[in-house]
Every structure is written in C-alpha cells, then in structure tokens.
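These are the residues of each chain, in order.
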Amino acid sequence: MRCPVPGVRGVLGVLGVLGVLLPPPSPADTFSAMRSVRGALGPERRLLRRLRTYLRGERSRLRRLHRFYEKVQALHQDPEASVDNPLLAFSLIKRLHSDWPNVIYSNEATENTQALHDGFKEVEQELPGAEDLDGAARALMRLQDVYALSVKGMANGVFQRAGAARPPLYSPSHHISLSADDCFHVGKVAYDTGDYYHSIAWLEEAVNLFRLSYGSWNPEDRSSLEDALDHLAFSYFMAGNISHALSLSREFLHYDPSNQRVVKNVAKYKKLLEMGPVVGTEPLRRPNSTQLQSRDAYEELCQRPRGQPTPEHLPHLRCSYETNGSPYLLLQPIKKEVVRFQPYVALYHDFISDAEAETIKGLAGPWLQRSVVASGEKQQKAEYRISKSAWLKDTADPVVRALEQRIAAVTGLDLRPPYAEYLQVVNYGLGGHYEPHFDHATSRKSPLYRMKSGNRIATVMIYLSTVQAGGSTAFIHANFSVPVVKNAALFWWNLRRNGDGDGDTLHAGCPVLAGDKWVANKWIHEHGQEFRRPCGTHSQD
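Per-chain numbering applies: the sequence of each chain, read as written, is numbered from 1 onward. Where totals are concerned, whole chains, interfaces and linings use all residues; where local detail is concerned, this predicted model gives features only for residues with pLDDT of at least 70, and gives and counts side-chain atom pairs only at 80 or more. Calculated side-chain values reflect all of the structure's heavy atoms, with hydrogen atoms and water omitted.

1. Side note on the overall build of the protein
A tally of regular secondary structure across the protein gives 14 helices and 17 strands. For the protein, the residues scored as buried account for 44% of the 541 residues in total. Summed over its atoms, the accessible surface of the protein is roughly 28,800 Å², and 55% of this surface lies on carbon and sulfur atoms. We count a stretch as a helix when DSSP gives it H or I for four or more residues in a row; a strand needs E for two or more, and each element gets its number in order from the N terminus. In this scheme, a residue with accessible area under 20% of its type's maximum is buried, one over 50% is exposed, and one in between is partly exposed, where area comes from a 1.4 Å probe on protein chains only. The accessible surface values rely on the Shrake-Rupley method and a 1.4 Å probe; as for residues, cover is taken only from the protein chains in view.

Written as structure tokens, this is what we have:
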C-alpha cells in the first residue's frame, strides 16, 4: 500500500496553473473564448458607424453628380438650346474646360474613401487575425464531427444530424445561413492541411451556392465559383475519384477556358482514366488529428441527449441535503446529487449564486489567456483544448474567499496553500472543448509535481453559466456525461485511496454547440489530506 507523504515545501508560483497574473491579452486567439468573440462586436460597430458616414457622403456626392448630369442632359435634349445663343455657347465652353474636369477629378470620392480607410486603421489592431479565422473554421468542422451534423444543414443555419430524421440539436431564434464564400473558406482551411475528408464536404456546398448566384458579385467575397471548382477538383483527385475531378475541371474551363494549368490537369486526368481504375484506393476517412483513441466513445457521449442511463437503471443513486459535519453548512445544507459511485461523482446544486458567478467572471475576464496543457515538463497550446483561462487568489475578492470556504466545507479537504491550486476560471471558445484527459498527473515529470504537494486528489468544477446546446462533461470509461447545470458544482476523486490515478476519471469537455460556457476549477492536492481521506485497508482501494 502506498500512502502520500506530506510535503509543504514549495510555493504557489512555479506554473501558470499556480496563479501568476499576466498582462491583459492581445486580440490574438479571439476564437478561443466567447468573451473575446463578443468583444469583437465593438470594433465592428465602430466600422459600421464609419461605413454609415461613408455611405452618407457618397449618397450626397452622387446626388450632386446626378444633378449635373440631369442639367447637361436636358440641354442636349432641348431643341431650343442652340449654341447660336452666346450664353449657351459660353456655358458649353466653360463646362468642357472647367466643369467636367472638376467633376471627373473631384477629390470628394477620394476623401470619403480615405476617411473610411482611416476608420479601419483605427480598429485594425483589435481585429481577429488569420489564426482566428482558421480557428473558427476548424471549430465548425469540430462541431460537424462530434455532433454528426450535416454540412448542408449547417450552411442553411440548421443544426441537424446528417441522415437522421430527428429534431435539430439546436434551433437558434435568429436564423442565419452561410454564404458560398463562407463555405469556401472552411473547405480551404481543410484543403490547406491535406484534410480532403472535410474539404470535399464544404467545397461541395460552396460550389452549389456559387452556382445558384453565378453572375452576381458581393464586394465582401474573396473567392469565386472557379476557385471552389478548382480546389474541389483537386480534393477529389487526392481522394482517388479521378472521374469527378475531371468533370469539375471541365466545368471550370467552361468559365475560364484559357487557364493552362487546369487544361493540363484535364489531360492528366484523362490519361489516368485511360490507364484503368486506380488500384488500392482506400475510402476517404476522417482524420484523427489528435490521435484520440477513445474518439467514438467520446462523441457518442456528447451526442447522448440525457448523458446517462435512466434512474431505474441506477437504483442506488440518490439526492440529499448534506452538511458534511461542517458548521458552515448547518443552517443551509448543500443540495447533493450522487451521479455515480464508480468513479465517485457528485453534483452540488445551487452551489454558487448568480451574483457570485458574475463576480467571478468579472474578476477573471480581463486576465484571460489561451489555455495550455501539460506536454512532458512543459506547457503549451493545443488544438484539443480550446478555451481561455485565468487564475484567482482567494485574496482577489471576498467572493473568492467565501467560495474557497464553501468548497472546503463540502469536500472536507484542506485547501490551504500549498494543498490546493488557485481558482482557475475558464471561458470556452467557438466550438470550445477539451478532449479526453485526466486532471491528475500521469507522469512524475508533470509540472504539477513542482508544487511539492503531490498529485491532484480531487476536482471541483463549478458551472458559472448555462449553454443552449452541447458542453457536457463526459466520463469516457465510465460511460456517462453530465450536462451543464448553471451554478452547480461537479466533484470527483481523481486518485484512489492508495494514491494511484483512477482510470475511470478520464473525462472531456464536449464542444459547446451554442452558448457561452464558463467554469471555475478547483484542484486539490493529496498532501494535507492524509487524515481527511486516509488510505484504505486494501492496497487496491
């Protein structure tokens, strides 16, 4: 039997996880937190005001131009307006010598445009970058995959599972659809990484939408039907469907017959088809970029509507009012729902008030930075965790201190430094998620051990907001998930009594399909808990 050895050496300042305050974030990583996405509305409102001023100026300018046109046109259409009249002759000569150059070379249009350019430059540093746009595109592909959504449905603003006659997973009150150019960009992000599984689906939708609107032009579009056909044809070629690549390339040449590169591609595709069918071509498979072994189980849990079996299949679970022997809870017992016994997971309802949740979010908001994950002895950003986080000391505000006392009372554990980490506040981003992981360290080289207080024995995760769809916490090996319950706290033991990690606590944050998900995490370490959660009588406990 191995029991944790107490150690109080070390300070809470080694890791980012230990609460070092960082400077306010730059606009980078806008897509990784909904707070940042909402913040991007401000610059766009200012741009709208600039554009309104520009349009007002242009309308005035065009009205003046129209008056000049009507005046001159009327003279040309009036049979009585003869240049024999010296006044009309003088006005003709003046117009051609002076009026027309003033109209043609007027600086008014340039000044209007320059004012618009200046307004853009004022907010340019606050705008999302290329990384954000690509991250947002990958978020849509993530939602497509995890929730098995139809790309055509998503483009039409419907969150409907592909090939399923079920109600939509989410029905927004305001219907919005994606443009052909929008779909092209999503497909192009996949195309640029060699992900032809996703590029084909999104570029197909882009081609269909461009065909419907061919001949019209939108000033905001960067792509065209020809662009979409070109990229889709090559995607099909790389997927082994040469005949369809040929068909799309021929359609491209219908619109741009002089494009020599596509002419050569057509000749190449014809030659390949004449040589016979391609042997050994495997069906196109969805990429597993993060090498997730439990992907299917994870996604099935995220799609599951209620998260776990019905109560009649789990007869031992119960709800109760608990004081945990703490005077702190004597007058107001906590509402406890046992979710599972193995691993032990409990949900404490109304753990925090609306006002407290808003205070916590307000304190953390200015300090949010892109969340990182442990990679060996280092920490780094990762595609499998899309969120921003900040760390709050209990001295940050009386609300934080009261929350720490409540956590200690409910869990019965010692939260004094260095036995627990600071409160981590997390805001998930567009399609924000955290793929299956353990909260406890699985290697002695983990940065968590720099605290000198052992491994993470327990997790308390507080839901600070609600969401419209998605965002459940899925326990993969235990085969259940817990939906987001605003103001509730989810508790589980990460370690067994013998100090070993509990493999059944492998869990994930399902992608947020719609909404703004905020959580606060409190990680408690094993040192300091020797008499609060002692070792069991059996080595396997």
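So, next bit.
2. Quick word on the packing of helix α13 (residues 354-364) against helix α14 (residues 398-411)
Here α13 crosses α14 at 120°, and the two axes come no closer than 10 Å. Comparing their axes, α14 and α13 come out oblique. Considering how the two elements wind past one another, α13 and α14 form a crossing that is left-handed. Two secondary-structure elements touch here, α13 through E356, T359, I360 and L363 and α14 through V399, V400, L403 and R406. To define axes, lines are fitted to C-alpha atoms, for helices over the stretch in contact only, and angles between the resulting N-to-C directions are given on a 0 to 180 degree scale. Roughly parallel refers to an angle under 35 degrees, roughly antiparallel to one over 145, roughly perpendicular to one between 65 and 115, and oblique to any angle outside these ranges. Crossing handedness: left-handed means the near helix sits turned counterclockwise from the far one by under a right angle, and right-handed means the same turn made clockwise. By the convention used here, residues are in contact when the closest approach between their heavy atoms is within 4.5 Å.

3. Notes on the side chain of K517
With respect to the helices, strands and loops of the structure, K517 is situated in the loop between β16 (512-515) and β17 (518-525). Buried and without a salt bridge, K517 has D516 as its closest oppositely charged side chain, separated by 11 Å. Positive residues here are Lys and Arg, negative ones are Asp and Glu, while His and the chain termini are left out of the count. The rule for a salt bridge is simple: a side-chain nitrogen of Lys or Arg has to be within 4 Å of a carboxyl oxygen of Asp or Glu.

4. Considerations on the nonpolar core
If you look at the biggest cluster of nonpolar residues, it comprises 52 residues, and the most contacted ones within it are Y147 and L513. Ranked by the residues each element gives to this core, the list is headed by helix α9 (residues 225-238), at seven residues. When neighbours within four sequence positions are excluded, L513 is seen to be in contact with L143, Y147, L149, F159, L169, Y170, A469 and G470. Residue types Ala, Val, Leu, Ile, Met, Phe, Trp, Tyr and Cys, when buried and joined through side-chain atoms within 4.5 Å, form a set referred to as a nonpolar core.

5. Overview of the pattern of salt bridges
One pass over the structure, following the stated rule, counts 23 salt bridges. Salt-bridge contacts for R211 lead to E251; the nearest nitrogen and oxygen are separated by 2.6 Å. Placement of R211 in helix α8 (residues 196-212) and of E251 in helix α10 (residues 242-255) is noted, with a sequence separation of 40 residues between them. For R211, a relative accessible area of 36% translates into the label partly exposed. Note that E421 and R456 form a salt bridge whose closest N and O atoms lie 2.8 Å from each other. Taken together, the residues span a long stretch of sequence, with E421 in the loop between α14 and β8 (423-428) and R456 in strand β10 (residues 456-463) at a distance of 35 residues. Side by side, E421 and R456 carry an identical accessibility label, which is buried.

6. Re the sheet that holds strand β12 (residues 473-475)
Note on pairing: DSSP must find at least two bridges between two strands before they are called paired. Across the sheet, which stays open at both edges, the four strands sit in the order β9-β15-β12-β13 with antiparallel pairing between neighbours. Edge positions in the open sheet fall to β9 (434-437) and β13 (480-482), since each of these has one partner strand only. On average, adjacent strands in this sheet sit at an angle of 15° to one another, irrespective of strand direction. Pairing geometry for β12 and strand β15 (residues 507-509), over three bridges, is antiparallel.

7. What to know about a nonpolar patch on the surface
Among the surface-exposed residues, L96, W100, I104 and Y105 lie close enough to one another that they form a single nonpolar patch of about 490 Å² accessible area. For W100, the location among the structural elements is in helix α3 (residues 86-104). To count toward a patch, a residue needs a relative accessible area over 30% and no salt bridge; like charges are then connected within 9 Å, while nonpolar side chains (Val, Leu, Ile, Met, Phe, Trp, Tyr) are connected within 5 Å.

8. Concerning the sheet that holds β8
What the nine strands build is an open sheet, ordered β1-β2-β3-β14-β10-β17-β8-β7-β4; its pairing is antiparallel. This sheet does not close on itself; its edge strands, each paired only once, are β1 (319-322) and β4 (369-370). Where strand β2 (residues 334-341) lies against strand β3 (residues 344-349), six bridges are found, and the strand directions are antiparallel. Its bridge partner lying in β3, F341 is registered against Y344.

9. A look at the packing of helix α2 (residues 41-77) against helix α4 (residues 108-123)
Where α2 meets α4, the closest approach of the two axes is 9 Å, and the angle between their N-to-C directions is 180°. Judged on the interaxial angle alone, α4 and α2 are roughly antiparallel. Contacts between α2 and α4 involve P43, R46, L47, R50, L51, Y54, G57, E58, R61 and R64 on the former and, on the latter, E108, A109, N112, T113, A115, L116, G119, F120, E122 and V123. All residues other than Ala, Val, Leu, Ile, Met, Phe, Trp, Tyr, Cys, Pro, Asp, Glu, Lys and Arg, Gly among them, are scored as polar; the first ten of these are nonpolar and the last four charged. Tallied by class, residues from the contact of α2 with α4 come to nine nonpolar, four polar and seven charged.

10. Quick word on the side chain of E526
Looking at where E526 falls in the secondary structure, it is placed in the segment after β17. For E526, a relative accessible area of 7% puts it in the buried group. A distance of 2.7 Å separates the side chain of E526 from the backbone nitrogen of N455, its partner in a polar contact. Pairs of N or O atoms within 3.5 Å make up the polar contacts considered here, provided that, within protein, one atom can donate a hydrogen while the other can accept it, and that residues adjacent in sequence are counted only when both atoms are side-chain atoms.

11. Looking at the confidence of the model for the protein
Here the protein shows a mean pLDDT of 89. Residues at 70 or above account for 90%. The low-confidence segment residues 1-26 (pLDDT under 50) makes 64 contacts with residues lying over four places distant or belonging to another chain. For every residue, the predictor reports its confidence as pLDDT, a number between 0 and 100.

12. Concerning the environment of D181
Tracing the backbone through its elements, the reader meets D181 in helix α7 (residues 180-192). According to the relative accessible area criterion, D181 is buried, its value standing at 14%. A polar atom in the side chain of D181 sits 2.4 Å from the side chain of S223.

13. Comments concerning α3
A helix's residues, less one, multiplied by 1.5 Å, set its expected span. Between its terminal C-alpha atoms α3 stretches 26 Å, which fits the 27 Å expected from 19 residues at 1.5 Å a residue. Think of it this way: the bend at a residue is just the angle between two axes, each fitted to seven residues, one set ending at that residue and the other starting at it. Along α3, the sharpest change in direction is near 50° and occurs at R95. Between a side-chain oxygen at the N-terminus of α3 and the backbone nitrogen of L87 the separation is 2.9 Å; the capping residue is N85.

14. Description of α4
In this model, α4 (16 residues) spans 24 Å end to end at C-alpha, consistent with the 22 Å of a helix rising 1.5 Å per residue. For α4, every residue scored as buried is listed here: N112, G119 and V123. Projected down its long axis, α4 shows its buried positions confined to an angular sector of 30°, all on one face. In α4, the exposed positions that point more than 90 degrees away from the buried face belong to T110, E111 and K121. Where the residues of α4 are buried, they touch α2. The arc in question is traced by the directions running from the helix axis to the C-beta atoms.

15. As for the pairing of β17
Taking burial as the measure, the eight residues of β17 include eight buried ones, the bulk of the element. The side-chain alternation of β17 yields two buried faces, one formed by W518, A520, K522 and I524 and the other by V519, N521, W523 and H525.

16. Thoughts on unusual backbone geometry
For the peptide bond that leads from Q342 to P343, omega is -5°, which places it in the cis range. Tracing the sequence through the fold places P343 in the loop between β2 and β3. Along the chain, P417 connects to P418 via a cis peptide bond; the corresponding omega equals 5°. Its location among the elements puts P418 in the loop between α14 and β8. Notably, N324 is not glycine yet its phi reads approximately 55°, a positive angle. Take N324: it is sitting in the loop between β1 and β2. Taking the relative accessible area as the measure of exposure, N324 reaches 43% and is therefore partly exposed. One non-glycine residue, D350, lies in positive phi territory at about 50°. With respect to the helices and strands, the residue D350 is situated in the loop between β3 and α13.

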